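What follows is each chain in one-letter form.
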Number of protein chains: 6
Amino acid sequence: MLHILFLFSLLLLSSSPSTSNALDFCVADLSAAEGPAGFPCKAAANVTADDFVFTGIAKAGNTTNIISAAVSPAFVGQFPGLNGLGISIARLDLAPGGVIPIHTHPAASELLVVTHGHLLAGFISSSSNKVYIKKVNKGEIMIFPQGLLHFQINAGKNAATAFVSFGSPNPGLQILDFALFANDFPSKLVETVTFLDDAQVKKLKGVLGGTG
Amino acid sequence: MLHILFLFSLLLLSSSPSTSNALDFCVADLSAAEGPAGFPCKAAANVTADDFVFTGIAKAGNTTNIISAAVSPAFVGQFPGLNGLGISIARLDLAPGGVIPIHTHPAASELLVVTHGHLLAGFISSSSNKVYIKKVNKGEIMIFPQGLLHFQINAGKNAATAFVSFGSPNPGLQILDFALFANDFPSKLVETVTFLDDAQVKKLKGVLGGTG
Amino acid sequence: MLHILFLFSLLLLSSSPSTSNALDFCVADLSAAEGPAGFPCKAAANVTADDFVFTGIAKAGNTTNIISAAVSPAFVGQFPGLNGLGISIARLDLAPGGVIPIHTHPAASELLVVTHGHLLAGFISSSSNKVYIKKVNKGEIMIFPQGLLHFQINAGKNAATAFVSFGSPNPGLQILDFALFANDFPSKLVETVTFLDDAQVKKLKGVLGGTG
Amino acid sequence: MLHILFLFSLLLLSSSPSTSNALDFCVADLSAAEGPAGFPCKAAANVTADDFVFTGIAKAGNTTNIISAAVSPAFVGQFPGLNGLGISIARLDLAPGGVIPIHTHPAASELLVVTHGHLLAGFISSSSNKVYIKKVNKGEIMIFPQGLLHFQINAGKNAATAFVSFGSPNPGLQILDFALFANDFPSKLVETVTFLDDAQVKKLKGVLGGTG
Amino acid sequence: MLHILFLFSLLLLSSSPSTSNALDFCVADLSAAEGPAGFPCKAAANVTADDFVFTGIAKAGNTTNIISAAVSPAFVGQFPGLNGLGISIARLDLAPGGVIPIHTHPAASELLVVTHGHLLAGFISSSSNKVYIKKVNKGEIMIFPQGLLHFQINAGKNAATAFVSFGSPNPGLQILDFALFANDFPSKLVETVTFLDDAQVKKLKGVLGGTG
Amino acid sequence: MLHILFLFSLLLLSSSPSTSNALDFCVADLSAAEGPAGFPCKAAANVTADDFVFTGIAKAGNTTNIISAAVSPAFVGQFPGLNGLGISIARLDLAPGGVIPIHTHPAASELLVVTHGHLLAGFISSSSNKVYIKKVNKGEIMIFPQGLLHFQINAGKNAATAFVSFGSPNPGLQILDFALFANDFPSKLVETVTFLDDAQVKKLKGVLGGTG
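Residues numbered from 1 in each chain as written. Chains lettered and ligands numbered in written order. Predicted model: local features only at pLDDT ≥ 70, side-chain atom pairs only at ≥ 80, totals over all residues. Heavy atoms only, no water.

Per an unreviewed UniProt entry, chain A goes by Germin-like protein and derives from Acacia crassicarpa. Turning to chain A, the UniProt annotation filed under Subcellular location (unreviewed entry) states: "Secreted, Extracellular space, Apoplast". (UniProt positions renumbered as here; feature names shortened; annotations may be inferred.)

Peer 1: What's the story with the overall build of chain A in this structure? I'm lost.
Peer 2: When you go through chain A residue by residue, the secondary structure sums to 5 helices and 11 strands. Counted over contacts in chain A with a minimum sequence separation of 6, partners at least 24 positions apart contribute 66%. Of the roughly 6,300 Å² of accessible surface on chain A, 60% is carried by carbon and sulfur atoms. (Helix = DSSP H or I, 4+ residues; strand = E, 2+ residues; numbered from the N terminus. Contact = heavy atoms within 4.5 Å. Areas by Shrake-Rupley, 256 points an atom, 1.4 Å probe, with all protein chains shown as cover.)

Peer 1: Honestly, the sheet that holds strand 6 (residues 119–124) of chain E in this entry has me stumped. Any pointers?
Peer 2: Think of a sheet as strands paired side by side through backbone hydrogen bonds, with each pair either parallel or antiparallel. Residue and element names in this part refer to chain E. Spatially, the 5 strands line up as an open sheet ordered 7-6-9-4-11, and their pairing is antiparallel. With one partner strand each, in any of the chains shown, strand 7 (131–136) and strand 11 (174–175) form the two edges of the open sheet. Strand direction decides the pairing type here: strand 6 and strand 9 (residues 150–153), joined by 4 bridges, are antiparallel. The partner of Leu120 across the bridge, within strand 9, is Ile153. (Pairing = 2+ DSSP bridges.)

Peer 1: I would appreciate a short explanation of the state of the cysteines in the present structure.
Peer 2: Residues and elements named next belong to chain C. Under the definition given, this model contains 6 disulfides over all chains. Between the sulfur atoms of Cys26 and its disulfide partner Cys41 the distance amounts to 1.9 Å. Disulfide Cys26 to Cys41: torsion about the S-S bond roughly -100°, handedness left-handed. Of this pair, Cys26 sits in the loop between helix 2 (17–24) and strand 1 (53–54) while Cys41 sits in the loop between helix 2 and strand 1; the two residues are 15 residues apart in sequence, bridging distant segments of the chain. (Disulfide = S-S within 2.5 Å.)

Peer 1: Mind showing me how you'd approach the interface of chain E and chain D here?
Peer 2: The extent of an interface is frequently quoted as the accessible surface area lost upon association of the parts. Contact residues are listed per partner, giving 53 residues for chain E and 54 residues for chain D. At the boundary of chain E with chain D, the tally comes to 2 salt bridges. Across the pair D:Lys134 and E:Asp50 runs a salt bridge, and its minimum N-O distance is 2.6 Å. The set of elements that each furnish at least two residues to the side of chain E that touches chain D consists of helix 1 (2–14), helix 2 (17–24), strand 1 (53–54), strand 3 (88–94), strand 5 (110–116), strand 7, strand 8 (141–144) and strand 10 (160–166) of chain E. Split into classes, the residues belonging to the side of chain E that touches chain D amount to 27 nonpolar, 20 polar and 6 charged. For strand 8 (residues 141–144) of chain D and strand 1 of chain E, the ladder comprises 2 bridges, and the chain directions are antiparallel. Looking at the pairing, D:Ile141 lines up with E:Phe54 of strand 1 of chain E. (Salt bridge = Lys/Arg side-chain N within 4 Å of Asp/Glu carboxyl O. Nonpolar A, V, L, I, M, F, W, Y, C, P; charged D, E, K, R; others polar.)

Peer 1: Looking at this model, I keep getting lost on the sheet that holds strand 8 (residues 141–144) of chain C. Mind explaining?
Peer 2: Strand order in the open sheet formed by 6 strands is 2(C)-3(C)-10(C)-5(C)-8(C)-1(F), with antiparallel pairing between adjacent strands. Here the strands that pair on one side only, and so sit at the sheet edges, are strand 2 (69–74) of chain C together with strand 1 (53–54) of chain F. The pairing of strand 2 of chain C with strand 3 (residues 88–94) of chain C spans 6 bridges and is classified as antiparallel. In the strand pairing of strand 3 of chain C, C:Pro73 is matched with C:Ala90.

Peer 1: In this structure, what is going on with the nonpolar core? I would like to understand it.
Peer 2: Nonpolar side chains in soluble globular proteins generally cluster together in the buried interior. Residues A:Phe185, B:Phe185, C:Phe185, D:Phe185, E:Phe185 and F:Phe185 are the most contacted members of the largest nonpolar core, which totals 395 residues. Residues contacting E:Phe185, with those up to four places away along its chain left out, are A:Ile102, A:Ile124, A:Val131, A:Ile133, A:Phe151, E:Ala179, E:Leu180, E:Val190, E:Val193, E:Lys205, E:Thr211 and E:Gly212. (Core = buried A, V, L, I, M, F, W, Y, C linked by side-chain atoms within 4.5 Å. Buried < 20%, exposed > 50% of the residue type's maximum accessible area, 1.4 Å probe, protein only.)

Peer 1: Please clarify how the pattern of salt bridges should be interpreted in this entry.
Peer 2: Where charged atoms of side chains with opposite charge meet at close range, the side chains can pair. In this structure the tally under the stated criterion is 36 salt bridges over all chains. Notably, a salt bridge pairs F:Lys203 with D:Asp197, separated by 2.8 Å at the nearest N-O pair. Of this pair, F:Lys203 sits in helix 5 (residues 198–208) while D:Asp197 sits in the loop between helix 4 (187–194) and helix 5 (198–208), each in a different chain. You can call F:Lys203 partly exposed: its relative accessible area is 46%.

Peer 1: Just to check I follow, could you spell out the relation of the copies chain E and chain D for this structure?
Peer 2: One copy of the chain maps onto the other through a rotation about an axis plus a displacement along that axis. Superposing chain E onto chain D takes a rotation of 180° plus a shift of 0.0 Å along the axis, which leaves an RMSD of 0.0 Å. One copy is carried onto the other by what is essentially a two-fold rotation axis. Ranked by how close their C-alpha atoms come to the rotation axis, the residues of chain E are headed by E:Gly167, at 2.5 Å. When the interface residues of chain E are mapped onto chain D, 100% of them again lie at the interface, so the same face is used by both copies. (Least-squares fit on C-alpha atoms with pLDDT ≥ 70 in both.)

Peer 1: In this structure, what is going on with the UniProt feature "binding site: oxalate" (unreviewed entry) in chain A? I would like to understand it.
Peer 2: Residues and elements named next belong to chain A. In this numbering, the UniProt entry assigns the feature "binding site: oxalate" (unreviewed entry) to His105 and Glu110. Its location among the elements puts His105 in the loop between strand 4 (99–104) and strand 5 (110–116). Ignoring anything within four residues of it in the chain, the contact list for His105 reads Glu110, Gln146, Gly147, His150, Phe166, Pro171, Gly172 and Leu173. Tracing the backbone shows Glu110 in strand 5. Residue Glu110 is classed as buried on the basis of its relative accessible area of 2%. Those residues in contact with Glu110 that sit more than four places away from it in its chain are His103, His105, Met142, Ile143, Phe144, His150, Gln152, Val164, Ser165 and Phe166. Among the polar contacts made by the side chain of Glu110, one reaches the side chain of His105 at a distance of 2.8 Å. (Polar contact = N/O pair within 3.5 Å; in protein donor to acceptor, adjacent residues only side chain to side chain.)

Peer 1: Got a minute to help me understand the packing of aromatic side chains in this structure?
Peer 2: Aromatic ring pairs are described here by two measures, namely the spacing of the ring centres and the angle between the planes. Scanning the model with the defined rule gives 60 aromatic pairs over all chains in all. Site record: aromatic cluster; members linked through ring pairs are A:Phe25, A:Phe52, B:Phe123, B:Tyr132 and B:Phe144. (Phe/Tyr/Trp six-rings, centres within 6.5 Å; stacked < 30°, edge-to-face > 60°.)

Peer 1: Mind showing me how you'd approach the environment of F:Pro145 here?
Peer 2: With respect to the helices and strands, the residue F:Pro145 is situated in the loop between strand 8 (141–144) and strand 9 (150–153). The sequence separation of F:Pro145 and F:Ser109 amounts to 36 residues, and the corresponding C-alpha distance is 4.7 Å. Once residues lying within four places of it in the same chain are set aside, the contact partners of F:Pro145 are C:Asp24, C:Phe25, C:Leu85, F:Ser109 and F:Phe123.

Peer 1: Hey, could you run me through the pairing of strand 9 of chain E in this one?
Peer 2: A regular strand places its side chains on the two faces of the sheet in alternate fashion. Residue and element names in this part refer to chain E. The alternating pattern of strand 9 places His150 and Gln152 on one face and Phe151 and Ile153 on the opposite face, and all of these are buried. Of the strand pairs in this sheet, strand 4 (residues 99–104) and strand 9 are connected by 3 bridges, and their pairing is antiparallel. The residue bridging Val99 from the neighbouring strand is Ile153, located in strand 9.

Peer 1: How do you make sense of the packing of helix 4 of chain D against helix 5 of chain D when you look at a structure like this?
Peer 2: Helix-helix packing is characterised by the crossing angle of the two axes and by the distance between the axes. Residues and elements named next belong to chain D. Two elements in contact, helix 4 and helix 5, have axes separated by 10 Å at closest approach and are oriented at 125°. Classed by the angle they form, the pair helix 4 and helix 5 counts as oblique. Helix-helix and strand crossings are classified by hand; for helix 4 and helix 5 the assignment is right-handed. Counted together, Ser187, Val190 and Glu191 of helix 4 and Asp198, Val201, Lys202 and Lys205 of helix 5 form the full contact between these two elements. The residue makeup of the contact of helix 4 with helix 5, split by class, is 2 nonpolar, 1 polar and 4 charged. (Axes fitted to C-alpha atoms, helices over the stretch in contact; angles between N-to-C directions. Parallel < 35°, antiparallel > 145°, perpendicular 65-115°, else oblique. Left-handed = near helix turned anticlockwise from the far one by under 90°.)

Peer 1: Looking at this structure, I do not really get helix 4 (residues 187–194) of chain B. What am I missing?
Peer 2: Because an α-helix packs 3.6 residues into every turn, residues spaced three or four apart end up facing the same way. Residue and element names in this part refer to chain B. With respect to burial, helix 4 is a largely interior element, 6 of its 8 residues being buried. Looking at helix 4, one finds that the buried residues are Ser187, Leu189, Val190, Glu191, Val193 and Thr194. Positive phi shows up at Phe195, right after helix 4, with a value of about 70°.

Peer 1: How should I be thinking about the side chain of C:Glu140 in this particular structure?
Peer 2: Relative to the helices and strands, C:Glu140 resides in the loop between strand 7 (131–136) and strand 8. No salt bridge is formed by the buried C:Glu140, whose closest oppositely charged neighbour, C:Lys134, lies at an N-O distance of 6.9 Å. A polar atom in the side chain of C:Glu140 sits 2.8 Å from the backbone nitrogen of C:Asn137. Ignoring anything within four residues of it in the chain, the contact list for C:Glu140 reads C:Leu112, C:Val113, C:Val114, C:Lys135, F:Phe54, F:Thr55 and F:Ala58. (Lys, Arg positive; Asp, Glu negative; His and termini not counted.)

Structure follows, in structure tokens:
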């Protein structure tokens, strides 16, 4: 009997509230205020296996839209089990001719794996402005370094699917056209900081629902 | 002309060797000595788009083996473009009945996405020894927190494939049976630190090529 | 008088709530919900010198048990003053023949110093499965890299004591036998992912109070 | 219409509460309890451009005091917009003969830029006790590595101003004379740990308002 | 004499090569290959006070160019003393009407302080595409969170100067127009991933020296 | 045979040079140039169990000196096996009346455990200048937050020994008196930045071998 007692006393020591939350996992309590490192943890007692599985991107996103493509993220906001664990994922679906417009992820590098079809993908170096472009076939992998402008295009005849992983539970997504044209960023200022012509800015603001 | 000169002078400033390497990417020079943060960078001038794409895991691994499964990593040792970027990936192929034996990744959490078939997967909490097990279907995602024992099994009738991402370019892989039985770890010591019987230890050392 | 005024205004500036908490220390408020970086801080005004001293492991742990050993942690759950400071410690007491069974710390490397007697200790590399084993005498130090399986044994005739430090306030502790046999992990699954025999699994579940 | 719908659905996905707070910024809610990584975030809906601008150090500090100098910090406690962003700043104003007494910043390196006049500045290496001293003219920059004792003096005939940046939102400030003489640190102990004479300690405690 | 011997023996212990380099500072040896954490350190014996002071941005940059502005960085490539210290700085000079075109820093947040004149500055949130714009007067401070598109404009009648600090020795600088138009990024692709018109792309490639 | 082949192919995959070095450990090659993250790794093939054990502080340091105390570090410079593992240790020996003079560790917090006798220890908060002092008995633990001035005194009648751990392989050690008086820091400057009297400065420079 002694040893059983001992074993459980040892278990108790190492399963203090702090140990059980902080060390192994910290499923996000999305109802609490977030901090720089993420969300407070859901009480360990209420955590079940379901907290570690996400089914929300099992189906292809709807690509019947202007870009013939869909981005379906599983970031901490969608998948609280990722909180504090330094990784997340998103699903990309692109119809033939589909495009993920040029964008950045401010907080993480992106690792893409193509699971159906093939993509043409690229990024631009910040230091030399050199463009790195490659065709990525099914089962192949491409890395996009943190914070750099990059894009993916389905140049094939069939639908393409890819999964993109990020070294952060919340990598962010800044799509250039949305940042410039899908808000109230005054056209005059947009033109001043981008050198774009007024007509071009107004045209894209029209398409993307921007004002000003 | 002035502005062109200016623009290129600005480019020059921001494309000093340090900027071009450190900031955007640091493709590993695997021939140089590694350090705690990774490998020294390949000279930026010699970097091409090919350095950012990896084709080595496009084909299924050979599952004709004792575990009817294969693990094909794309870590920095295989894919130097990942150096310093905080992420990596591996491909899992499992024939029906295939098993990825219980193991840990000492340096990163693991994010699994099933791309064909379905898996039964689980991990054990270190603090409470609670076991979290779930069936993960095609397109579904499961997270395995850093450093915890976990496993994947193909309980289905068809082959299964999954990609597992890690929040480190070099997450490591410690397979329990290899650590205990596939080396010269003296049987007597193995038995002392695991409570396993001598016959069990000797049997598995036999299967896995261990000695002592 | 002016300078006194100045000095205290300067003090005020640099002792804003945020400065006093975040910078110097952040004694854990264990009653609040933890986050990925640790616990919220106890109000600085209520912090005393007692918050920075821990007496809970001054006495030897009880080694009258199955492993003839005791592990007494001073992690953030036991010693809130460590919160956010990146370090913790535990005391190991081993009677002659005592064993700290093979285990891992998912979140930190371990630095052991023997203060009485001597130990036989070792760890297994994840990449090569190479076993590193050494006798550690009184006053000697051994390092166990993060996340790797390791153990300590008292092979001497007298009691041994050691202190183990960790580069995290909450390194975690996953004891292999507890993870496999001291819970409701189904025996059939345990056997599938470990290659252990059914009899061996059932026997150890019996010893450690496991079910299924 | 479809594409507009799509675009906004995409926006919604990427603007979940967690994304909008964690990724882009986390303006401190100074009324909430801080944690090791900083303060909880103010609700994104209440954040305005004003949260990202700080006007509190636009005017020179009052240098009519014992050191003929003033330190005006813009740390997270003063400027909540810095929370979680890894940087902060302070303004230094020094009348002729003004001195920023020797001090350390426990949590960050300091980068100084002189904007008016010139300073004599230096730091001491911890490993070799070597002293690095330089005159820093207007527009010149000096780096003070993390945690090392350093100082700034206005040896010129005119007032000097500088801005010092820190690689932390809350670098801290430990001024040697305040740590030793502006509190209730018992004189006997101060003398024991500094080798200073009793008369010297009592004299400076008198000047700085210390007791004991 | 004994104590002197002791003191220097203590100094020796704590001034081993590793201590003197790693701890206090690591002045970059720009001639060696960089790694993910920065450059190897210059031998401590060869380090002087000059290594910690940078005079290269003391003078205003030349603003006689297309943007009537100049960016003068003091990153690790220009100022090796910053290596490994987590901070850097750049000087901005803007003539009346001058513009720092919209850009990102992939690796760090930016803290701006205006030292002459005033600027109109702003950034765009990645999650909500909300634009945060403010006039920043002399002595005022503005923070631009990591990786987000931002800009600065001199809307005043006089020249303006600002210093921008970064929480990284090598924050990078990706200027949108250079990334899209100052390289060989094929116009057709640029148009596909930005929705810009062919004429607009060709026009700006002409201005910025781009091809393809 | 197949499974053996498989198992070793799997081993090969996960034991590429990068995996074996970077992941598990990176024993310092002290003959190579250090970088911000530490030293390059010794080739894994040449690493033995001896690399992970340090015997250099098993014996008490010589306390026959001015402070009746000795500090014996096991930092990465003395114990290369710690490289990159985020932890280190030092031994403190204090004769009756012995003193570890007030000092800081710029890069890490310190965790002290007393193994013989008892100590009087304390640190000063940087934000409030509050002094936290406690008697620490045998087996008790005290934490000293990163970068703060602290000290240890043996106020007992017998010798005392303690081990201090640090959350860095190279925490540094800046002893106040050495920084001010054991170098060529000009006395006039020392007096200006410390408010100490000329006689006091000259006296201590005499004791500690300082010049200027």
